[in-house]
Amino acid sequence: MNSAGILADAFERIHEAVHAAVDGLPSEDLNARLDDDANSVAWLVWHLTRVQDDHIADAAGTEQLWFAEDWASRFELPLEKGSTGYGHSSAQVGSVQVASADLLLGYFDAVHEHTLAFVRGLEARALDRVVDDAWSPPVTLGVRLVSVIADDLQHAGQAAFVRGALERR
């Protein structure tokens, strides 16, 4: 298996984990917080999707699907349109309310397909391209993609935990 295949496999695992955490949840469970400062399933999946959309679009030189496919308007969140959830306060986390699992998964699935198309077309040498020189050392595409994968898997696991806790109530 080449590097593109490994990356695609990792993103497919994220897809499975997100769907396992979200499929079939009613909006009240998607938006529920285990305590006043906890992240909801909706926020966790929205955030991991926003970060993936942002980072993949930047690396691919494309517009984020959040804007290109007008997901921002469909979600109707009381946040800055470019918000990804990074650095959100507890109040901002609580403001991420989704109407349905279909909406949340619709955006996630669109970003997932865009991501797969991008990573499947990568050649190994492309992973050494610097995508962010604001860090020391500069961030390469390979490092950025692994970072997105790690972050997404952590948040998908957190969403699964929240779902499990809600189901035990």
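Residues numbered from 1 in each chain as written. Predicted model: local features only at pLDDT ≥ 70, side-chain atom pairs only at ≥ 80, totals over all residues. Heavy atoms only, no water.

**Quick notes on the nonpolar core**
Consideration 1: Core analysis: the largest hydrophobic core is formed by 53 residues, its most contacted members being Val 18, Val 22, Leu 30, Trp 46, Phe 75 and Leu 145.
Consideration 2: The set of elements that each furnish at least two residues to this core consists of helix 1 (3–22), helix 3 (41–60), helix 4 (65–68), helix 5 (71–75), helix 7 (101–120) and helix 8 (141–167).
Consideration 3: By residue number, the principal contributor to this core is helix 7, which donates 11 residues. (Core = buried A, V, L, I, M, F, W, Y, C linked by side-chain atoms within 4.5 Å. Buried < 20%, exposed > 50% of the residue type's maximum accessible area, 1.4 Å probe, protein only. Helix = DSSP H or I, 4+ residues; strand = E, 2+ residues; numbered from the N terminus.)

**A word on helix 3**
Consideration 1: Relative to the 28 Å expected for 20 residues at 1.5 Å per residue, helix 3 spans 28 Å between its end C-alpha atoms, a close match to the ideal helical length.
Consideration 2: Of the residues flanking the end of helix 3, it is Gly 61, one or two places downstream, whose phi is positive at about 70 degrees. (Expected span 1.5 Å × (residues − 1).)

**Examining the packing of helix 1 against helix 8**
Consideration 1: Interhelical geometry of helix 1 versus helix 8 gives an angle of 20 degrees and a closest axis separation of 9 Å. Considered as vectors, helix 1 and helix 8 are oriented roughly parallel to each other. For the pair helix 1 and helix 8, the sense of crossing is left-handed. Each of Leu 7, Ala 10, Phe 11, Ile 14, Ala 17, Val 18, Ala 20, Ala 21 and Val 22 in helix 1 lies in contact with helix 8, whose residues at this interface are Leu 145, Val 148, Ile 149, Asp 152, Leu 153, Ala 156, Ala 159, Ala 160 and Arg 163. (Axes fitted to C-alpha atoms, helices over the stretch in contact; angles between N-to-C directions. Parallel < 35°, antiparallel > 145°, perpendicular 65-115°, else oblique. Left-handed = near helix turned anticlockwise from the far one by under 90°. Contact = heavy atoms within 4.5 Å.)

**Remarks on the packing of aromatic side chains**
Consideration 1: Tallied over the entire structure, the rule returns 6 aromatic pairs.
Consideration 2: With 6.3 Å between their ring centres and 70 degrees between their planes, Trp 46 and Trp 66 make a pair best called edge-to-face. Of this pair, Trp 46 sits in helix 3 while Trp 66 sits in helix 4, placing them 20 residues apart in sequence.
Consideration 3: Looking at Trp 66, the relative accessible area reads 3%, which means it is buried.
Consideration 4: Both rings, one in Trp 66 and one in Tyr 107, keep their centres 5.0 Å apart while their planes meet at 55 degrees; by these two values the pair is tilted. Linking Trp 66 in helix 4 with Tyr 107 in helix 7, this pair joins segments that are 41 residues apart in sequence.
Consideration 5: Classification of Tyr 107 as buried rests on a relative accessible area of 0%.
Consideration 6: Following the ring pairs from residue to residue traces out a cluster consisting of Trp 46, Trp 66, Trp 71, Phe 75 and Tyr 107.
Consideration 7: When the ring centre of Trp 71 is taken as origin, the NZ or CZ atom of Arg 74, which lies over that ring, is 3.7 Å away. (Phe/Tyr/Trp six-rings, centres within 6.5 Å; stacked < 30°, edge-to-face > 60°. Lys NZ or Arg CZ within 6 Å of the ring centre and 35° of its normal.)

**Structural notes on the environment of Asp 53**
Consideration 1: Along the chain, Asp 53 turns up in helix 3.
Consideration 2: With relative accessibility at 2%, the residue Asp 53 sits in the buried group.
Consideration 3: Taking C-alpha positions, Asp 53 is 19 Å from Gln 158, a pair spaced 105 residues apart along the chain.
Consideration 4: If near-sequence neighbours (up to four positions away) are discounted, Asp 53 is found in contact with Gln 64, Leu 65, Trp 66, Tyr 107 and Val 111.

**What about the pattern of salt bridges?**
Consideration 1: Using the criterion set out here, one finds 6 salt bridges in the structure.
Consideration 2: Asp 9 is paired through a salt bridge with Arg 13; the nearest N and O atoms lie 2.7 Å apart. Pair noted here: Asp 9 and Arg 13 are both in helix 1, with a separation of 4 residues, about one helical turn. (Salt bridge = Lys/Arg side-chain N within 4 Å of Asp/Glu carboxyl O.)

**A short note on helix 1**
Two residues of an α-helix separated by three or four positions point the same way, owing to the 3.6 residues in each turn.
Consideration 1: If you check helix 1, its first and last C-alpha atoms are 29 Å apart, about what 20 residues at 1.5 Å a residue would give, namely 28 Å.
Consideration 2: Where helix 1 is concerned, the buried positions are Ala 4, Leu 7, Ala 8, Ala 10, Phe 11, Ile 14, Val 18, His 19, Ala 21 and Val 22.
Consideration 3: Where helix 1 is buried, its residues meet helix 2 (27–30), helix 3, helix 7 and helix 8.
Consideration 4: For helix 1, the N-terminal cap is Asn 2; the gap from its side-chain oxygen to the backbone nitrogen of Ala 4 is 3.3 Å.
Consideration 5: Directly after helix 1, the chain includes Gly 24, whose backbone phi takes a positive value near 80 degrees. (Polar contact = N/O pair within 3.5 Å; in protein donor to acceptor, adjacent residues only side chain to side chain.)

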